[in-house]
Structures are given as C-alpha cells and as structure tokens.
Amino acid sequence: IDPRSIISTASYPRLKNLNLQSAKKLSKRVEVLLNAGAGVAYAGTETVTFSEACDKDTRGLSLLVEFSAKPLQGSALIRLNAGTVGNLVEMFFGGQSTDAVPAETDSFTPGETSVATLFGREVVEIIADTWQPIQKMAPEFVATHLDSGAIESGAPGDKVICSEFTLACGEQQQVFHVLWPLQTISALVPALEGQKRERDAAEDAHWSESLRSSVTDSIVRISSRVGDTRATLGAIANLRPGDVIGIGNPKRGTVYARNVPILRGRFGVHDGRYAMEAVDWLAPGAPRTALQCS
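This report concerns the structure included in the present document. (Residues numbered from 1 in each chain as written. Predicted model: local features only at pLDDT ≥ 70, side-chain atom pairs only at ≥ 80, totals over all residues. Heavy atoms only, no water.)

**Thoughts on the overall build of the protein chain**
Scanning the protein chain from N- to C-terminus turns up eight helices and 11 strands. Counting only residues that meet the buried cut, the protein chain has 38% of its 294 residues in that class. Residue pairs in contact within the protein chain that sit at least 24 positions apart in sequence constitute 64% of those at least 6 positions apart. Looking at the protein chain as shown, the accessible area adds up to about 17400 Å², and 52% of this sits on carbon and sulfur atoms. (Helix = DSSP H or I, 4+ residues; strand = E, 2+ residues; numbered from the N terminus. Buried < 20%, exposed > 50% of the residue type's maximum accessible area, 1.4 Å probe, protein only. Contact = heavy atoms within 4.5 Å. Areas by Shrake-Rupley, 256 points an atom, 1.4 Å probe, with all protein chains shown as cover.)

**A closer look at the side chain of histidine 145**
Relative to the elements of secondary structure, histidine 145 occurs in strand β4 (residues 138-145). Taking relative accessible area as the criterion, histidine 145 reaches 13% and is therefore assigned buried. Among the polar contacts made by the side chain of histidine 145, one reaches the side chain of glutamate 66 at a distance of 2.7 Å. (Polar contact = N/O pair within 3.5 Å; in protein donor to acceptor, adjacent residues only side chain to side chain.)

**A few points about helix α1 (residues 13-34)**
Taking 1.5 Å per residue, 22 residues should reach 32 Å; α1 reaches 31 Å between its end C-alpha atoms and fits that length. Its axis deflected by about 25° at leucine 26, α1 carries its strongest bend there. Among the residues of α1, those classed as buried are Leu15, Leu18, Asn19, Ser22, Ala23, Leu26, Ser27, Val30, Leu33 and Leu34. Its buried side turned inward, α1 meets β1 (38-49), α3 (82-92), α4 (110-130), β5 (159-169), β6 (172-181) and α6 (189-192). Looking one or two residues past α1, asparagine 35 carries a phi angle of roughly 55°, positive in sign. (Expected span 1.5 Å × (residues − 1). Bend = angle between axes of the 7 residues up to and from the residue.)

**Some words on the pairing of strand β10 (residues 273-281)**
With eight bridges joining them, strand β9 (residues 260-270) and β10 adopt antiparallel strand pairing. Bridging from a neighbouring strand, valine 269 pairs with tyrosine 274 of β10. What sits between the antiparallel neighbours β9 and β10 is a turn of two residues, in which aspartate 271 has the positive phi angle 55°. (Pairing = 2+ DSSP bridges.)

**Overview of the nonpolar core**
Soluble globular proteins: nonpolar side chains tend toward being buried together. The biggest cluster of nonpolar side chains holds 47 residues, and the ones touching the most others in it are Phe119, Trp131, Phe176 and Trp180. Aside from chain neighbours lying at most four places away, what touches tryptophan 180 is Phe67, Ala69, Leu72, Ala76, Ile127, Trp131, Met137, Val160, Ile161 and Ile185. Phe50, Cys54, Leu64 and Leu179 belong to the second largest nonpolar core, which has nine residues in total. (Core = buried A, V, L, I, M, F, W, Y, C linked by side-chain atoms within 4.5 Å.)

**Examining the packing of aromatic side chains**
The tally for this structure, following the rule as stated, stands at seven aromatic pairs. Here the aromatic rings of phenylalanine 119 and phenylalanine 176 are separated by 5.2 Å at their centres, their planes lie at 85°, and the arrangement is edge-to-face. Taken together, the residues phenylalanine 119 in helix α4 and phenylalanine 176 in strand β6 connect sequence positions 57 residues apart. The class of phenylalanine 176 is buried, set by a relative accessible area of 1%. Here a set of aromatic residues connected by ring pairs shows up, and it is made of Tyr42, Phe119, Phe165 and Phe176. (Phe/Tyr/Trp six-rings, centres within 6.5 Å; stacked < 30°, edge-to-face > 60°.)

**Comments concerning the pairing of strand β3 (residues 75-81)**
With seven of seven residues buried, β3 is to be regarded as a mostly interior element. Neither face of β3 is exposed, since Ser75, Leu77, Arg79 and Asn81 on one face and Ala76, Ile78 and Leu80 on the opposite face are all buried. Bridge count for strand β2 (residues 62-70) against β3 is seven bridges, and the pairing is antiparallel. Note on β3: the bridge partner recorded for phenylalanine 67 is alanine 76.

**A look at the packing of α1 against α4**
Relative orientation of the contacting elements α1 and α4 amounts to 140°, with a least axis distance of 9 Å. For the element pair α1 / α4, the angle class is oblique. The crossing of α1 and α4 is right-handed. In contact with Leu18, Gln21, Ser22, Lys25, Leu26, Arg29, Val30 and Leu33 of α1, α4 contributes Leu118, Phe119, Glu122, Val123, Glu125, Ile126, Asp129 and Thr130. Broken down by class, the residue content of the contact of α1 with α4 amounts to eight nonpolar, three polar and five charged. (Axes fitted to C-alpha atoms, helices over the stretch in contact; angles between N-to-C directions. Parallel < 35°, antiparallel > 145°, perpendicular 65-115°, else oblique. Left-handed = near helix turned anticlockwise from the far one by under 90°. Nonpolar A, V, L, I, M, F, W, Y, C, P; charged D, E, K, R; others polar.)

**Examining the sheet that holds β4**
If you walk across this open sheet you meet the six strands as β1-β5-β6-β3-β2-β4, and the pairing is antiparallel. Across the chains shown, the open sheet's two edge strands, defined by having one partner strand only, are β1 and β4. Taken pair by pair, the neighbouring strands of this sheet meet at an average axis angle of 20°, ignoring direction. Looking at chain direction, β5 and β6 are connected through 10 bridges and run antiparallel. Looking at β6, one finds that alanine 168 is bridged to glutamine 173. In the packing of α3 onto the sheet, contacts are made with β2, β3, β5 and β6, and the angle to β3 comes to roughly 75°. Across the sheet, α4 is in contact with β2, β3, β4, β5 and β6; its angle to β2 comes to roughly 35°.

**Regarding the pattern of salt bridges**
Under the criterion given, the structure shown has four salt bridges. In this structure, glutamate 277 engages arginine 266 in a salt bridge whose closest nitrogen and oxygen atoms are separated by 3.0 Å. One end of the pair, glutamate 277, is in strand β10; the other, arginine 266, is in strand β9, and 11 residues separate them in sequence. What you see here is one network of salt bridges that share partners, running through Arg29, Glu122 and Glu125. (Salt bridge = Lys/Arg side-chain N within 4 Å of Asp/Glu carboxyl O.)

As structure tokens, then:
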C-alpha cells in the first residue's frame, strides 16, 4: 500500500473491521470479474466534506457510482478516478500492459462507464453482505455520474465518511473510495464507533407487550389424537378401503397446536359434536383448567 494513502481509522473501529472484510471478499470477486489476478486492500477512513472527497487525487474527471442502501435514507457513492477506470477497462478486455494508465481525461466512453458500473455493483453487493451483522440492506444501483456536480443529494459542505481502498490489477495499483454521507448513515454511527447500545427498560417493555399481543392474535391449526392401537405389519399390509381399525372407546386425548402437544383432556360429545374437554396443560408449571374444544 502506498504510504501516502494511509488514513487514520481511530474514529470508526467497527467500520475498519467491516472494510477489511469487504476488501478480502472483493478481491475474489474482482478476479472473477476481470479474469485476472487482482487484489483489494483497505487503506483507511476519514470524515471530510463532500467536495474534499471528490477532489482527492483529481487529475481529470472521476466516475461516481451512486447506490441506495435501503432502509437507510439517501444515497452513497463509490468514487473511481480516471486511472482506476482505465486500469479496470484494460484488464477487463484482456490487457496486460505494465505501463501506467493515463489519468488525464475529459470524458469516459460508454464502454468505460459500463465496466466501472460492473465493478461498482460488485462493491455494493460485498458491502451488503459484510454489513449484515449491524444492518441488513437492500442496495440498488441508482446511476453513474461524471462528477460531483451531477449529484443533487450532496452539497459541497456536507460531511461524508470516506473509506479508501487500493486496487491492484496486473502491475498497476490504483485507488477508489466509498463515500457514506453522515446524513445517510447517522443511525449506524454509534455501531461503527463500537459503542454498545444501552437498553431502555420502557422500550423493551413496549416491544415485549407488542410481541405478546401479536402472538396471541396468531391463528394456528388445532388437531387431536384420541386413541392408539397395535397391529402387525402383516395386518396393516392387508388393509383395504372400507376396513375398520378398532381403537376401543377413547376416554382421553391430546390436543396439538402445529403438531406441538399443548394439553390433555377427556374425549366426548358437546352440543352434538365430538369434543375434547381440556384437563391438563402440558407446558411445565401451567395451571389446570377446564375448557372445551370442539
């Protein structure tokens, strides 16, 4: 890694770990995408303004791959400078040149934009996978822009968390950045800083009551078993339609909810229908009761 690209990561230790995991996973995905040896390494993170992030290592235009990360609000960006785009395109189409890819450019071809977008999609998928422990995301590609002026959601003075990565393709090493606007990621900042969530007793009680209410309103299938008998395999094999299997006069049965035994009762007739009078709940410590299930 180029020493000049090392940035302080002390502010977001959890984010550092996520980025290290993302870099490792992304290395394998990029090798498949380019069908060539490639490596991705995490270089560091800092909080800067949006304009400062877009001015990093600028020697010509940069491509910004914009994506949403629902349920987070707003968009995030992957910034690829001209040198990185050129190196990706060269390797994607089978180039093996050791010469540095020129970084100065005033535009990108549709082919270059397409390859950069493919790379951006790989980055987004890895982020969604790696960040699952702290936030499940449903990322969606939004658009690819030539420069920061095309991003309506980002004002030059807005703060962003800028993570830098190095991309080694062939003999060349380039950089790219993942930009998370603080407004978009504000709810996750405590987790990224490694803070433990303090439990709120009132909030826990509210959720507990809500879950209990939802459970009691759930509809489940009730079934019962009212008798057993024994028979030889030979007798069972000789059964024909219309044969009767005697189980005697059932006096007790078990009631099941989704195949889980919940109570035991007496079998009989209630209001002209077969019914089960509940006598014992089968859950440990449950009280005895008397109710009728028909």
